Amino acid sequence: GTTWTIMDEDSNKKSSKCSKNMYECSSDPKHNPRASPNLKANDDIWYDMEGYWVGTMNVYDKNGDAQDPMFYSEDAPVNQMPYTQQTIKFFMNMSVVETHLYQHLFLVYDKAPEMPFCNLTAPEGMMNHISPGVCGVNGFIASGSNYGVATHEKDGSSSVFTVTGVLNNAGRNAADYEQMGTITPVGGDSIQSEITSAYYRDSETYSFSNDAKTTISGSGQHYQVQNILRAASSSNPMELKETYNFQLDQTNMQNFVAQLTSAQEAAMVPVAGRVEPISSGDCLPYVIEGCPEESDYVAAEDPSLTSSPYDDDSTMKGGYIAMFVILGVMVLAFVALFAHWRHVNNQKDRYKHQFARRIAQTIEFEGAMKDITPEALTAEFERIDEDKSGSISKPELKAFIGDRMSDSDFEAMFAAIDLDHNGTVDFEEFCAFMTHVGAMPDIKDEKIVDVDEGDGEEHKAHLNPAFDDKVAAAHTKTENQFKILSVVLFLCTLGLLAATITLAVKDDDDNNSSQTSGLVGTESVVYSNVPDNTPFDIETVFEREVVNVCDKKKLEFPNTDCIHGVGPQAGANVTNGYQGDLDMMGVTPQEANYWQVAMCPVNVHWHLGTEHYSVGEYDEFGDGPNGNADPPTRKLQATGEGDFQEFNVRGGFRCHHYNVQDTKFTTEYDWKHCKGMEVGETYEVHWPHSAAGACGTVNQYQTPFYDGVFCGLDLPSFSGLLPQQIASAVGVQGQIFTVVNDESYFYPDLIRGWVVNPEVGMAQDVAKYTGSTTGTSRDNNICSPYSPITWHVDRKCHMISASSFDKLCYDMKQQLDDMTDDLHAHGSRELVNSTWAANNFIHRERRGLRSSHDDHHHHHHSHDGHDDHDHHHHQWF
């Protein structure tokens, strides 16, 4: 049910037109089942709030005075802190993964003053410290996590369904700490948090305080019950206990970890009470209730796991469809009956007028039609009754009328005259019909007179002999108009019925698709989207005599040890906020979309596991059919033969999607074109781009990719380039996938570049930096000389169908150059450490649903002959 945009990054521009069905045209996303439920897709503020934040908090009592330390009770569900309440070190890590929100909070308290607080006598059951600390000696760290999900409203708000951690104190009664709430975007620059339990309620506001959205100012109010040992009730109401404000600055992961560790040491938090920082999306190991599981998310009505209450009920939808069908049939029937009625009435008027005119021409009578005498009628009857049988037969009446009347009108008239349906017209029937004719408003007063037509004979005719012709023409015109109207209404009715049936079938298909993709433990036959042709069956437009102008254009530079002046390396840690230690001296990655700066893809290949690292997406906690360690020797089928070749392939990190209970991760796929691939496994796909490639020609795609990168560039020309010029003209797109056997994740055109889809977050959360080529011939001791080149890496991991990869391999076989060596996964380089990673990472999310253009920062540097850039160029690429 989804239209995927391949490669064209300009698709991030929001269309002002609606070319889809009526659901997708809905202005209210909650009523649109195809609108993404993901938080970032529904409000851009989550792009900016996500990340690592460090600052301070100050707490005040309800009167606005600085809050003093308070005695603490282990039995109270409300945590009154026996520590200094001013300049609390505040750490927040917020991450948003599709429909899930993770907010991890850490508060580091300094020790309470010995005088007077530590010397006061605590009430019975209360303490002036939290174990294992000592009052006046040790500080404390409180930590917790808010876990939320998007709502079916699709308005960007998150429903918080559990809060864990609290005082890092396991073993307490979970029911006492059940908390729920909401975190809601407000006005584009703020979020409002409301968290409530049976004992307290916290209301907080987080607002950006600068245009760059790197600083947050916030405030909150804490309400708690009067008696902290009992739940709220009419006799134990909640009241405002304290207020607080805080300032937070955005930082990267390394600084976040370092400052959190340093703050605990400075506050002399007991070693046994210290906590380790938590990664994005992870769960605290010392929680009260345990980490949320899928069943918790289902109970919280996660939109990705549950049906929306705003979706049309299938029974009601069937009723509406039936109603449309019935209405359509009724309209059609009404149109048909109305058209028939008009036709019959027009026909009656027509044959009556024609009969009256014929009678007027032959009857022995002068005067008005209504006054014709019985004697005149008798004589006229006998004249028509040629065989004098006493009745008029059908042939006799037809001979009397002549050719003036059509056959259909004559048959209708004869049926109207022959009242007893015996096939003849007797005198009584003839008179009865003439009475009806003579009584017609536009006939009864017409006079029958003798008319001289210039032939010397007398003729009988109407006083106005053309009146019946005019009436007949008017009737004909009216009948034609109704015929046209009937045809139009008939076609409209058919269109309504066709649209109704199409809608019913499409919705049924969409429902079946969405239901099938979530089934667990079911067997199904998956039909591939990939052609069955082998490379020996395919007729291409290329003749092998065509010269490959890029063949062997690779400029050879040997690997070197990393300590001797190499450039920045890849793949690196691309987690939001990360920066390497290698000083790039002003060299920056190409920020623009590659297609906007005349770069084109010159190759596509992929690696087993990932060479890059993104916390919570693809890291050491991921999983797959071979776990998250190096898999054993992999068997890859040789091209066109039945034998097998063995390849030692080093695996990288894995994504978090794999679920052995879900058949889409475990059902084998019949691979036709790719070699050695496995359902459930993680692969990092690379699309090398170059401004020197044979763009738009049959030589564009090359294996090895170096031939494509250097196709239009020789060594003398290359030697004159500065590092910034190289980084601006050569780049790689990197996107990470978990392969599933599910055709709802099919993308048909991977050869052209990474998948861009704002609704599901594909190529939206992107890290940009300068690095090098990768592969297992390099590590943290031996480095690549092909540097600096730009990398654009999608920080998120996505699912993709096995058929998408197989279609990609099929397309690779169609290229002029032989790409056989890239039809299998390559090994992954070990993660580059910070020493060799650049310090120019740009962590920016695309705003494809908010702005019509990507945000770009353009850097300008001078490169004169005495610039340091020239010196370092000889040490790099």
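Cut-offs applied
- Residues numbered from 1 in each chain as written.
- Predicted model: local features only at pLDDT ≥ 70, side-chain atom pairs only at ≥ 80, totals over all residues.
- Heavy atoms only, no water.
- Helix = DSSP H or I, 4+ residues; strand = E, 2+ residues; numbered from the N terminus.
- Expected span 1.5 Å × (residues − 1).
- Buried < 20%, exposed > 50% of the residue type's maximum accessible area, 1.4 Å probe, protein only.
- Contact = heavy atoms within 4.5 Å.
- Patch = residues over 30% accessible without salt bridge, like charges linked within 9 Å, V, L, I, M, F, W, Y side chains within 5 Å.
- Areas by Shrake-Rupley, 256 points an atom, 1.4 Å probe, with all protein chains shown as cover.
- Salt bridge = Lys/Arg side-chain N within 4 Å of Asp/Glu carboxyl O.
- Pairing = 2+ DSSP bridges.
- Phe/Tyr/Trp six-rings, centres within 6.5 Å; stacked < 30°, edge-to-face > 60°.
- Lys NZ or Arg CZ within 6 Å of the ring centre and 35° of its normal.
- Arc of directions from axis to C-beta.
- pLDDT = per-residue confidence, 0-100.

Another aspect to go through is helix 14 (residues 802–813). The end-to-end C-alpha separation of helix 14 is 17 Å, in line with the 16 Å expected for 12 residues at 1.5 Å each. Counting buried residues along helix 14, 12 of its 12 residues qualify, which places the element largely inside the surrounding structure. Packing partners of the buried residues in helix 14 comprise strand 19 (605–608), strand 24 (682–690), strand 25 (730–740) and strand 29 (789–801).

On the surface, Met 323, Ile 326, Leu 327 and Met 330 cluster together into a nonpolar patch covering about 380 Å² of accessible area. You can see Leu 327 is positioned in helix 5 (residues 314–362). Given a relative accessible area of 43%, Leu 327 falls into the partly exposed group.

To continue, consider the pairing of strand 29. By the criterion of burial, strand 29 is predominantly enclosed, with 13 of the 13 residues buried. As paired elements, strand 25 and strand 29 share 9 bridges and run parallel to each other. Residue Thr 738 lies in a different strand from strand 29, and its bridge partner there is Met 799. Inspection of the sheet shows strand 27 (residues 765–771) paired to strand 29 by 6 bridges, in the antiparallel sense. Looking at the pairing, Thr 770 lines up with Thr 790 of strand 29.

Let us now look at the packing of aromatic side chains. Tallied over the full model, the rule gives 30 aromatic pairs. An angle of 50 degrees between the planes, with centres 5.0 Å apart, marks the rings of Tyr 206 and Phe 246 as tilted. Here Phe 246 lies in strand 11 (residues 238–251) and Tyr 206 lies in strand 9 (residues 200–208), a separation of 40 residues in the sequence. Look at Phe 355 and Phe 400: their rings are 6.4 Å apart centre to centre, the planes differ by 65 degrees, and that puts the pair in the edge-to-face class. Placement of Phe 355 in helix 5 and of Phe 400 in helix 7 (residues 394–401) is noted, with a sequence separation of 45 residues between them. The cationic tip of Arg 201 hangs over the ring face of Tyr 223; the distance from NZ or CZ to the ring centre is 4.3 Å.

Now for the environment of Ile 443. Summarising the element assignment, Ile 443 is placed in the loop between helix 9 (427–438) and strand 15 (447–452). Its relative accessible area of 0% is what places Ile 443 among the buried residues.

A cis amide bond, omega 10 degrees, links Ser 131 with the succeeding residue Pro 132. In this structure, Pro 132 sits in the loop between strand 4 (100–109) and strand 5 (140–150). With an omega of 5 degrees, the peptide bond running from Ser 787 to Pro 788 counts as cis. If you trace the backbone, Pro 788 turns up in the loop between strand 28 (782–783) and strand 29. If you check the backbone angles, Lys 213 has positive phi at about 60 degrees while not being a glycine. Looking at the element boundaries, Lys 213 is found in the loop between strand 9 and strand 10 (215–225).

Time to look at helix 6 (residues 374–384). Listed as buried for helix 6 are Ala 376, Leu 377, Glu 380, Phe 381 and Ile 384. The buried residues of helix 6 all sit within an arc of 135 degrees when viewed along its axis, so they share a single face.

The subject of this paragraph is the pattern of salt bridges. Tallied over the entire structure, the rule returns 20 salt bridges. Ionic pairing is found between Lys 796 and Glu 50, a salt bridge with its closest N-O pair at 3.7 Å. Taken together, the positions of Lys 796 in strand 29 and Glu 50 in the loop between helix 2 (45–49) and strand 2 (51–61) put the pair 746 residues apart, joining distant regions of the chain. Of the two residues examined, Lys 796 and Glu 50, each falls in the buried class. Ionic pairing is found between Arg 201 and Glu 194, a salt bridge with its closest N-O pair at 3.8 Å. Classification of Glu 194 as partly exposed rests on a relative accessible area of 26%.

Moving on, we come to the confidence of the model for the protein chain. Looking at the protein chain, pLDDT values average 79 and 75% of them are 70 or higher. Segment residues 1–26 is flagged for pLDDT under 50; beyond a separation of four residues in sequence, or across chains, it makes 69 contacts in the model. Between residues 511–527, whose pLDDT stays under 50, and residues either more than four places distant or in other chains, the model counts 15 contacts.

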